[in-house]
Amino acid sequence: MASILLHCCCAPCATYTIKSLREQDFEVTALWYNPNIHPYMEHQKRLESMQALAEQMEFPMIVSEGYEMPDYFRSVVGHEGKRCTDCYNMRLNKTAQIANDNGFDAFCTTLLISPYQNQSMLKEVGDKTAERNNTAFYFKDFREGFRESQQMTKEFDLYRQKYCGCIYSEWERFAKVKIS
Ligand code: SF4
Ligand code: SF4
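Here we summarise the structure given alongside this text. Note that this is a predicted model, so its numbers are computed, not measured.

In terms of regular secondary structure, the protein chain is built from seven helices and four strands. When the elements of the protein chain are put in sequence order from the N terminus, they spell out β-α-β-α-β-α-α-β-α-α-α. A compact globule built from 180 residues should have a C-alpha radius of gyration of about 16 Å, and the protein chain, at 15 Å, falls within 12% of that. Across the 180 residues in the protein chain, those meeting the buried criterion constitute 41%. At a minimum sequence separation of 6, the contacts of the protein chain that also span at least 24 residues come to 76%.

In structure tokens, the structure reads:
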């Protein structure tokens, strides 16, 4: 059985992704590292929800120490309209580093189940960060399981957030604007 480190940014997307990886015979460990989630209390709420899911689905979880929110802003300010690439890079690079340091066979991300994320960009960033850190990125389009993840979220009684994570996405969601 191959081991995989799964970067998770919320419990709802982790439900089906973990189920699917287990069905493919992976031994899954979750990683929490999301300096892009604002404000801090929202970050904590999503983390607590992940911890509740880890108990219910019985998987180990690594929680990266610290919040590193200032680093997120340092990497996106000045090109906010294209911020998602840097956001993916920051989170997947950390995941690849931890995967390599701890001897995982590969790493992956729950971002791949979201219909709102850029799959080809995730693949490109995943492959590059894997090469940089001497590990392997496991790419799979999990979007066919998005509906099932919503069902599982209800069954597990998990908190479901209303915006992607950063304050820009919160503004876009509620004011119905698009940052360029
Ligand atoms: S992409 Fe959005 S909905 Fe999916 S795991 Fe990340 S925060 Fe959750
Ligand atoms: S919209 Fe989501 S993926 Fe894009 S920068 Fe914000 S938190 Fe990251």
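What follows concerns the site of ligand 1. Every residue lining ligand 1 is accounted for by C9, C10, C13, T110, L111, S114, Q117, C164 and G165. Looking at side-chain class alone, the shell around ligand 1 contains five nonpolar, four polar and no charged residues.

Moving on to helix 4 (residues 83-101). With 19 residues, helix 4 extends 27 Å from end C-alpha to end C-alpha; this agrees with the ideal 27 Å at 1.5 Å per step. Those residues of helix 4 lying buried are R83, C84, C87, Y88, M90, R91, L92, K94, T95, A96, I98 and A99. G103 lies just past helix 4 and shows a positive phi near 70 degrees.

Counting 44 residues, the largest nonpolar core has I4, L5, L6, C8, A14, A30 and F107 as its most contacted members. Elements represented by at least two residues in this core include exactly strand 1 (2-8), helix 1 (11-23), strand 2 (26-32), helix 2 (40-57), helix 3 (69-76), helix 4, strand 4 (106-109) and helix 5 (119-132). Ignoring any residue separated from it by four or fewer positions in sequence, one finds A14 in contact with C8, A30, M50, L53 and T110.

This part takes up the pairing of strand 1. For strand 1, the tally of buried residues reaches five of seven residues, placing the bulk of the element in the interior. Regarding topology, helix 1 serves as the crossover connection from strand 1 to the parallel strand 2, and that connection is right-handed. As paired strands, strand 1 and strand 4 are joined by four bridges and run parallel to one another. Residue pairing across strands places H7 opposite T109, the latter belonging to strand 4.

Between helix 1 and helix 2, the least distance of the axes is 9 Å, while the angle of their chain directions is 25 degrees. Taken together, the axis directions place helix 1 and helix 2 in an arrangement best described as roughly parallel. Considering how the two elements wind past one another, helix 1 and helix 2 form a crossing that is right-handed. Counting all contacts with helix 1, which are made through A11, A14, T15 and I18, the residues of helix 2 involved are S49, M50, A52, L53 and M57. For the contact of helix 1 with helix 2, the per-class residue count stands at seven nonpolar, two polar and no charged.

Glancing now at the sheet that holds strand 2. Read from one edge of the open sheet, four strands run 3-2-1-4, paired in parallel fashion. Since the sheet does not close on itself, it has two edges, and those belong to strand 3 (61-63) and strand 4, each with one partner. Each strand of the sheet is rotated relative to its neighbour by a mean of 25 degrees, with strand direction disregarded. By the bridge criterion, seven bridges tie strand 1 to strand 2 in an arrangement that is parallel.

Criteria and thresholds
Residues numbered from 1 in each chain as written. Chains lettered and ligands numbered in written order. Predicted model: local features only at pLDDT ≥ 70, side-chain atom pairs only at ≥ 80, totals over all residues. Helix = DSSP H or I, 4+ residues; strand = E, 2+ residues; numbered from the N terminus. Rg over C-alpha atoms; globule rule 2.2 N^0.38 Å. Buried ≥ 20, exposed ≤ 12 C-beta atoms within 10 Å, placed from the backbone. Contact = placed C-beta atoms within 7 Å. Near = placed C-beta within 6 Å. Nonpolar A, V, L, I, M, F, W, Y, C, P; charged D, E, K, R; others polar. Expected span 1.5 Å × (residues − 1). Core = buried A, V, L, I, M, F, W, Y, C linked by C-beta atoms within 7 Å. Right-handed = clockwise from strand over helix to strand, strands pointing away. Pairing = 2+ DSSP bridges. Axes fitted to C-alpha atoms, helices over the stretch in contact; angles between N-to-C directions. Parallel < 35°, antiparallel > 145°, perpendicular 65-115°, else oblique. Left-handed = near helix turned anticlockwise from the far one by under 90°.

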